[in-house]
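# Secondary and tertiary structure notes
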Amino acid sequence: MSENRPDGQPGANPGANNENASDDGQYGPPSPQPGYPGVPDPTDSTAYPSYGQQDSYPGGGQQTPAYSQQQAYPGYGEQPAYPAYGQAGYPVPRPNPGQAMGIAGLVTSFFFSVLGLVLSIVGLTQSRKAGMGNTPAVIGIVVGSLGTIFGVLMFIFIVLAATASRY
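Read on for an overview of the structure. In this text the structure is predicted, and so the values were computed from the model without any measurement.

Calculation notes
- Residues numbered from 1 in each chain as written.
- Predicted model: local features only at pLDDT ≥ 70, side-chain atom pairs only at ≥ 80, totals over all residues.
- Heavy atoms only, no water.
- Helix = DSSP H or I, 4+ residues; strand = E, 2+ residues; numbered from the N terminus.
- Polar contact = N/O pair within 3.5 Å; in protein donor to acceptor, adjacent residues only side chain to side chain.
- Contact = heavy atoms within 4.5 Å.
- Patch = residues over 30% accessible without salt bridge, like charges linked within 9 Å, V, L, I, M, F, W, Y side chains within 5 Å.
- Areas by Shrake-Rupley, 256 points an atom, 1.4 Å probe, with all protein chains shown as cover.
- Salt bridge = Lys/Arg side-chain N within 4 Å of Asp/Glu carboxyl O.
- Buried < 20%, exposed > 50% of the residue type's maximum accessible area, 1.4 Å probe, protein only.
- Expected span 1.5 Å × (residues − 1).
- Arc of directions from axis to C-beta.

Attention now moves to the side chain of Asn134. Inspection of the secondary structure puts Asn134 in the loop between helix 2 (113-129) and helix 3 (135-166). In this structure the side chain of Asn134 is engaged in a polar contact, spanning 2.7 Å, whose partner is the backbone oxygen of Gly98. Look past the residues within four positions of Asn134 in its chain and what remains in contact with it is Gly98, Gln99, Gly102, Gly123, Leu124 and Ser127.

Structure below.
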């Protein structure tokens with residue numbers, strides 16, 4: 001038995017005479033046995049191509065790419081291409097001039113429907129002049145219109161109820 005290796009370690013054969021045990025498997029895989037399919041012959045120097053060499057497939061003349069020429073998976077490990085110093089960078093999106101006004105009109109239309117309706121209309125008009133859409137302004141117009149209609153109907157109902165109670 002090897003001095004520093006207990007039984008059961010790779011390379012130790014518990015059923016064999018341990019005085020003649022070899023160190024196979026202690027520092028690497030056990031040496032392959034000739035005759036097994038898929039196990040390369042250790043004496044064959046062409047079993048493993050060296051780095052950068054190209055080997056052909058057994059069935060055809062197609063070349064396998066060398067390790068330095070292998071393509072990575074699409075999108076994996078690729079760095080974004082940044083423009084060089086002094087070149088034009090990524091395009092900056094154009095600001096929407098009516099966006100803030102449309103959002104303000106939407107929020108205001110919940111509390112003061114007429115003011116919210118006006119702010120939303122102004123915001124949508126500014127956005128359309130710039131050739132852009134403005135969804136918050138459109139929603140503000142709808143909410144402001146419904147709030148204004150509801151407010152006018154409530155005012156008419158209160159006035160009718162007040163005049164009817166006098167008589």
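There's plenty left to go through after this.
A contiguous nonpolar surface patch, about 680 Å² in accessible area, is contributed by Ile149, Val152, Leu153, Phe155, Ile156, Val159 and Leu160. Judged by its relative accessible area of 53%, Leu153 falls in the exposed class.

The next subject is helix 3. The terminal C-alpha atoms of helix 3 lie 47 Å apart, and with 32 residues this matches the ideal 46 Å at 1.5 Å per residue to within 8%. Along helix 3, the residues classified as buried are Pro136, Ala137, Gly140, Ile141, Gly144 and Thr148. Considering only its buried residues, helix 3 is in contact with helix 1 (99-111) and helix 2.

Take helix 2 next. Between its first and last C-alpha, helix 2 extends 24 Å over 17 residues, near the 24 Å set by a 1.5 Å rise per residue. Restricting attention to buried positions, one finds in helix 2 the residues Ser113, Gly116, Leu117, Ser120, Gly123, Leu124 and Ser127. Viewed end-on, helix 2 has its buried residues packed into an arc of 135°, placing them on one side of the element. Seen from the buried face of helix 2, the exposed residues on the opposite side, beyond 90 degrees, are Val114 and Lys129. Lining the buried residues of helix 2 we find helix 1 and helix 3. In the stretch just after helix 2, Gly131 is the one whose phi turns positive, near 80°.

So far we have only geometry, and geometry alone does not tell us how the molecule works.
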